[in-house]
Amino acid sequence: MELKKGVETRGVNEEKWVHDSSVDHKGRVPLRASTGAWKASLFIIAIEFSERLSYFGIATSLIIYLSKVMHQDLKTAARSVNYWGGVTTLMPLFGGFLADAYWGRFTTVFVSSVVYLLGLILLTMSAFVPSLKACEAAMCPKPRKVHEVVFFLAIYLISVGTGGHKPSLESFGADQFDENHDEERKKKMSYFNWWNFGLCCGLLFGVTVVVYVQDHVGWGAGDIILTAVMALSLVIFIIGRPFYRYQVPTGSPLTPMLQVLVAAIRNRNLPYPSNPAELYEVPKSRTDKGRLLCHTESLKFLDKATIVKDRETGAENQNPWRLATVTKVEEMKLILNLIPIWLAMLPFGVSVAQTATFFIKQGTTLDRSIGNGFQIPPASVYALAAIGMIVSVTIYEKILVPVLRRATGNERGIKILQRIGVGMLFSIATMVVSALVERKRLGVVAKDPVKGSLSMSVFWLAPQFVIIGVGDAFTLVGLQEYFYDQVPDSMRSLGIAFYLSVIGAANFLSSLLITAVDHVTEKTGKSWFGKDLNSSRLDNFYWLVAAMTAANFILYVFLARRYPYKNVQSSVAVADCYEDGLEGSMA
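Since the model is a prediction, treat every value here as computed from it, not as a measurement.

S.K.: Would you mind showing me how to read the overall build of the chain here?
M.R.: Helices and strands together make up the secondary structure of the chain, namely 18 helices and four strands. For 587 residues, the compact-globule estimate of 2.2 N^0.38 gives 25 Å, and the C-alpha radius of gyration of the chain, at 26 Å, lies within 12% of that figure. If one aligns the C-alpha atoms of the chain with their principal axes, the spans along those axes are about 85 × 50 × 45 Å. Here the chain, with 587 residues, has 57% of them falling under the buried criterion. The long-range fraction of contacts in the chain, counting pairs at least 24 apart against all pairs at least 6 apart in sequence, stands at 81%. Taken together, the 58 basic and 48 acidic charged side chains of the chain have centroids lying 5 Å from each other.

Structure follows, in structure tokens:
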């Protein structure tokens with residue numbers, strides 16, 4: 001009876017309090033009813049809506065601004081956008097490290113939001129302060145040097161702000177759900193879908209309302225809206241402080257990995273035990289925070305770090321540079337297993353990079369009038385991708401997931417890497433459709449060089465934007481979940497940063513590809529990238545990207561089929577690690 005009563009008491013306590021190593025805003029064990037879950041994450045999704053509105057209000061119009069105001073040619077403007085996009089999505093590696101190791105996610109988001117806001121204020125000043133404006137008159141052949149300096153300083157300050165904001169905010173939102181609680185764990189699987197729903201709504205407003213103001217009122221008016229929205233999001237974030245659950249940073253997550261590597265090298269000559277259960281692990285009874293991972297057979301040379309050399313001394317008293325736990329070794333394996341998947345996503349990222357550069361530029365050459373002479377801003381065509389993603393995420397969450405759960409028995413419906421692979425197929429289709437549409441546009445230009453492609457509706461671009469939007473609902477959402485879920489628990493901000501770095505590295509790769517193709521095609525005759533679109537052969541470039549992405553997809557399938565998912569010990573017994581049907585198999 002006493003044992004039964006003890007179990008019931010423990011169950012009540014676990015339902016009332018959250019025991020996942022998080023704390024509330026006063027540093028106490030969080031009360032489940034008043035912290036975390038949707039009541040906290042909805043604040044965070046609202047902030048993401050505001051931040052993405054600001055970001056895409058700049059990003060989708062950037063190539064237009066560089067062409068019209070800065071007077072850069074097509075390939076220079078495309079490279080400038082790719083460089084900025086690359087820096088913006090690689091900076092999160094630094095911000096994620098700070099969040100995980102030292103500052104914590106809340107503080108990192110707060111500081112980076114202030115930096116982001118300063119960048120927007122400087123951007124607004126460059127449009128209104130007379131001495132910082134591009135020109136004294138309405139039009140000029142070349143902008144002032146001071147304007148160029150201030151403008152690029154402002155947008156790269158925004159890059160720095162995004163570097164802390166993006167990885168910390170998304171992982172902070174996911175931290176609001178307790179993975180050891182059945183109901184909250186299922187909600188967490190939906191969180192990434194609704195996170196992207198909020199993100200796309202912000203994107204949609206950014207590329208419609210803000211871009212319309214930029215196009216019809218002025219760049220400065222758009223900057224004022226972006227600054228006001230970011231300031232409001234910072235206030236919202238602070239208001240939600242009592243409802244959040246906080247993960248306390250535990251120092252650099254890179255040090256334990258270096259210890260594993262050093263210990264494995266030092267112990268390389270020790271005999272491997274016949275029974276994996278003899279490998280060193282901290283008993284669960286002495287684990288006050290964090291989850292223990294099961295031993296896996298991959299990358300076995302690292303397991304040498306877990307072999308106890310001197311059992312008389314006591315494993316817990318030995319040097320961590322000589323002996324590591326199974327969990328620490330498995331965490332090292334998780335990071336090494338990420339690398340092939342990260343590399344395999346780069347061609348997908350190159351195809352995504354075209355949406356913010358050449359796709360938008362194509363829109364400037366087409367008929368954008370609807371109704372009674374209303375002109376759609378070129379960057380607003382990007383809204384079709386956002387709509388495609390919003391609709392797809394909703395259908396996936398509300399219809400496909402319940403059906404797939406029943407069919408596969410997997411809590412997620414399908415495995416994370418399967419979801420990513422489905423989206424990669426859409427990215428191939430996007431580049432094929434883009435090539436066909438661009439060839440059609442060039443045919444129209446050849447028939448009527450004077451009027452060009454203005455007789456073609458901008459909605460010819462709708463298929464490629466909608467398809468990439470649908471693909472993003474699978475691949476980008478899947479990547480976010482993958483890089484959050486399949487990294488060590490202490491590196492989840494860095495995990496989101498790894499996801500963003502795929503897009504960042506792909507932007508740089510896209511710039512290098514443009515430069516290489518320009519160089520090669522110029523030598524063989526006429527460059528595929530002329531001064532404008534009508535003198536270019538973007539259709540050939542799109543075919544090249546489609547072929548690269550298709551070839552890479554074959555490699556991705558090979559890697560995904562052999563990928564060992566993260567395997568967390570159950571709360572019952574370590575022996576469960578060696579049975580089928582564990583959490584790792586549900587990924």
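Read on, since the account is not over.
S.K.: Quick question: what am I supposed to make of the environment of Ala505 here?
M.R.: Mapped onto the elements of the fold, Ala505 is located in helix 17 (residues 492–524). Setting aside anything within four residues of it in sequence, one finds Ala505 in contact with Leu90, Trp342 and Leu346.

S.K.: Help me understand the packing of aromatic side chains in this model?
M.R.: Scanning all chains against the criterion turns up 33 aromatic pairs. Plain terms: the ring middles of Trp38 and Phe177 are 5.2 Å apart, the flat faces sit at 75° to each other, and that makes the pair edge-to-face. Taken together, the positions of Trp38 in helix 2 (residues 37–59) and Phe177 in the loop between helix 7 (145–174) and helix 8 (182–216) put the pair 139 residues apart, joining distant regions of the chain. Taking relative accessible area as the criterion, Trp38 reaches 23% and is therefore assigned partly exposed. Feature note: the residues Phe43, Phe106, Phe172, Phe237, Phe243, Tyr244 and Tyr246 constitute an aromatic cluster, connected by ring pairs. When the ring centre of Tyr396 is taken as origin, the NZ or CZ atom of Arg419, which lies over that ring, is 3.9 Å away.

S.K.: How should the packing of helix 14 (residues 383–408) against helix 16 (residues 462–485) be read in this particular structure?
M.R.: Between two packed helices, both the angle of their axes relative to each other and the distance between the axes serve to describe the pair. Relative to each other, helix 14 and helix 16 sit at 45°, their axes nearing to 7 Å. Between helix 14 and helix 16, the interaxial angle falls into the category oblique. Where helix 14 crosses over helix 16, the two elements pack in a sense that is right-handed. Contacts between helix 14 and helix 16 involve Leu384, Ala385, Gly388, Met389, Ser392, Val393, Tyr396 and Leu400 from the former and Ala462, Phe465, Val466, Ile468, Gly469, Val470, Asp472, Ala473, Phe474 and Val477 from the latter. When grouped by side-chain class, the residues that make up the contact of helix 14 with helix 16 number 14 nonpolar, three polar and one charged.

S.K.: I tried to follow unusual backbone geometry on my own but got confused; where do I start?
M.R.: A negative phi angle is the norm for most residues apart from glycine, just as the trans form is the norm for most peptide bonds. In this structure, Leu299 is a non-glycine residue whose phi angle is positive, near 50°. Tracing the chain through its elements places Leu299 in the loop between helix 10 (254–266) and helix 11 (326–344).

S.K.: Quick question: what am I supposed to make of the environment of Pro253 here?
M.R.: Mapped onto the fold, Pro253 is located in the loop between strand 2 (246–247) and helix 10. For the pair Pro253 and Val352, spaced 99 residues apart in sequence, the C-alpha separation works out to 31 Å.

S.K.: Would you explain a nonpolar patch on the surface in this entry?
M.R.: A contiguous nonpolar surface patch, about 760 Å² in accessible area, is contributed by Tyr102, Trp103, Phe110, Val111, Val114, Leu118, Ile121, Met125 and Ile238. Elements with a minimum of two residues in the nonpolar patch: helix 5 (92–103) and helix 6 (105–128). It is helix 6 that contributes the most residues to the nonpolar patch, six residues altogether. Position of Tyr102 relative to the elements: it lies in helix 5.

S.K.: Which parts of the structure should I look at to understand the pattern of salt bridges?
M.R.: Pairing between side chains of opposite charge can happen when their charged atoms approach one another. For the structure on display, the rule yields 23 salt bridges. The salt bridge partner of Lys187 is Glu183, with a shortest N-O separation of 3.4 Å. Here Lys187 pairs with Glu183, and both are found in helix 8, just four residues apart, close to one helical turn. When its relative accessible area of 25% is taken as the criterion, Lys187 is described as partly exposed. For Glu183, a relative accessible area of 48% corresponds to the partly exposed category. A salt bridge links Lys300 to Glu297; its shortest N-O distance comes to 3.4 Å. When its relative accessible area of 37% is taken as the criterion, Lys300 is described as partly exposed.

Definitions and limits used
- Residues numbered from 1 in each chain as written.
- Predicted model: local features only at pLDDT ≥ 70, side-chain atom pairs only at ≥ 80, totals over all residues.
- Heavy atoms only, no water.
- Helix = DSSP H or I, 4+ residues; strand = E, 2+ residues; numbered from the N terminus.
- Rg over C-alpha atoms; globule rule 2.2 N^0.38 Å.
- Buried < 20%, exposed > 50% of the residue type's maximum accessible area, 1.4 Å probe, protein only.
- Contact = heavy atoms within 4.5 Å.
- Lys, Arg positive; Asp, Glu negative; His and termini not counted.
- Charge placed at Lys NZ, Arg CZ, Asp CG, Glu CD.
- Phe/Tyr/Trp six-rings, centres within 6.5 Å; stacked < 30°, edge-to-face > 60°.
- Lys NZ or Arg CZ within 6 Å of the ring centre and 35° of its normal.
- Axes fitted to C-alpha atoms, helices over the stretch in contact; angles between N-to-C directions.
- Parallel < 35°, antiparallel > 145°, perpendicular 65-115°, else oblique.
- Left-handed = near helix turned anticlockwise from the far one by under 90°.
- Nonpolar A, V, L, I, M, F, W, Y, C, P; charged D, E, K, R; others polar.
- Patch = residues over 30% accessible without salt bridge, like charges linked within 9 Å, V, L, I, M, F, W, Y side chains within 5 Å.
- Areas by Shrake-Rupley, 256 points an atom, 1.4 Å probe, with all protein chains shown as cover.
- Salt bridge = Lys/Arg side-chain N within 4 Å of Asp/Glu carboxyl O.

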